[in-house]
Amino acid sequence: MERTSTANDLTDRLRTRLETERKKIEELTANELRRLGKNSRRVARSALRSIERDTEEAVGRMRELLVKAWLRPLIVGMSLWLGIFAGSWATMQWLSRSIQDRIETAAELGREIEDARRTLAQLEVDTWGIVFHEIEGERFVVVPDRALDDPPWRVDDRPALKLSNE
C-alpha cells in the first residue's frame, strides 16, 4: 500500500526539516560566534599590548622630560648654593684674617707705645727734665722748676733760658 501524504505528514516533515535546518543554523552561528570571539579576544589582546607598549613609551618620555625639567633647576640651585657657601666661607676667612691682623697690629702698637713711654721717661731722667723749645724762630732751653732763682724767660709756665741765634 502506497502511502499518501496528508497535511499532517507534510507539516511533520516540514517541522522536522525546519528543526534540522534550525539546528544546523544554530551550530553554524555558534561556531561563527566562537570564531568571532576568539578573533575578538586576539584583536583585543593585540590592541591591549599595543596600548601598554605605547603607554610605557609615553611614560618613559615623560620620565625623561621630568628628569630634564627637574635636573636644570636642581643644577642651578646646587650651583647657587655652592656659590653662596663658597663665597660666605671665603668672606669669613678674609674677615677672620683681617681681624686677627688688626689684633696683632694693635698689640704690636701697644708694645711700641709702651717702649716709647719707657724711653721718654728714661730721657727725662737722663736729661734732668731739660727740654729744647723754639718759638717764632727763637730757641729756648726749658729747665725744671726751681732750677733758676729768677728766670729771665718763661715757656709753658716753666723757667727758660734763651739761646743765641748764631
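The model shown is predicted, which means the values in this text are computed figures rather than measured ones.

Student: Explanation requested: the environment of Arg34 in the structure shown.
Tutor: Considering the arrangement of structural elements, one finds Arg34 in helix 1 (residues 7-126). At 2.4 Å, the side chain of Arg34 and the side chain of Asn31 are in polar contact.

Student: Honestly, unusual backbone geometry in this entry has me stumped. Any pointers?
Tutor: Trans peptide bonds make up most of the peptide bonds, and negative phi angles are found at most residues other than glycine. For Asp156, which is not a glycine, the phi torsion comes out positive at approximately 50 degrees. Inspection of the secondary structure puts Asp156 in the loop between strand 3 (153-155) and strand 4 (158-162). Given a relative accessible area of 64%, Asp156 falls into the exposed group. With a phi angle near 60 degrees, Asp157 is a residue other than glycine that sits in the positive phi range. With respect to the secondary-structure elements, Asp157 resides in the loop between strand 3 and strand 4.

Student: How should the sheet that holds strand 4 be read in this particular structure?
Tutor: Sheet strands pair via backbone hydrogen bonds, and the direction of the pair is either parallel or antiparallel. Pairing in this open sheet of four strands is antiparallel, and the strands run 1-2-4-3 from one edge to the other. Single-partner strands in this sheet number two, and they are strand 1 (131-135) and strand 3. Pairwise comparison of adjacent strand axes, ignoring direction, gives a mean angle of 45 degrees for this sheet.

Student: Where do I start with the pattern of salt bridges in this structure?
Tutor: Once their charged atoms are close, side chains differing in charge can pair, the charge on each being opposite to the other. Overall, the coordinates contain seven salt bridges when judged by the stated rule. Where Arg15 meets Asp12, a salt bridge forms, and the shortest distance between an N and an O atom there is 3.7 Å. Linking Arg15 with Asp12, this pair stays in helix 1, spanning three residues, or about one helical turn. According to the relative accessible area criterion, Arg15 is exposed, its value standing at 55%. Taking relative accessible area as the criterion, Asp12 reaches 41% and is therefore assigned partly exposed. When the shortest N-O distance is used, the salt bridge between Glu19 and Arg22 registers 2.0 Å. Here Glu19 and its partner Arg22 are both found in helix 1, three residues apart, which amounts to about one turn of the helix. According to the relative accessible area criterion, Glu19 is partly exposed, its value standing at 33%. In the salt-bridge network here, residues are joined through shared partners; they are Glu19, Arg22 and Glu26.

Student: I tried to follow the environment of Glu27 on my own but got confused; where do I start?
Tutor: Assignment of secondary structure puts Glu27 in helix 1. The spatial distance from the C-alpha of Glu27 to the C-alpha of Gln100 is 105 Å, given a sequence separation of 73 residues.

Conventions we followed
- Residues numbered from 1 in each chain as written.
- Predicted model: local features only at pLDDT ≥ 70, side-chain atom pairs only at ≥ 80, totals over all residues.
- Heavy atoms only, no water.
- Helix = DSSP H or I, 4+ residues; strand = E, 2+ residues; numbered from the N terminus.
- Polar contact = N/O pair within 3.5 Å; in protein donor to acceptor, adjacent residues only side chain to side chain.
- Buried < 20%, exposed > 50% of the residue type's maximum accessible area, 1.4 Å probe, protein only.
- Pairing = 2+ DSSP bridges.
- Axes fitted to C-alpha atoms, helices over the stretch in contact; angles between N-to-C directions.
- Salt bridge = Lys/Arg side-chain N within 4 Å of Asp/Glu carboxyl O.

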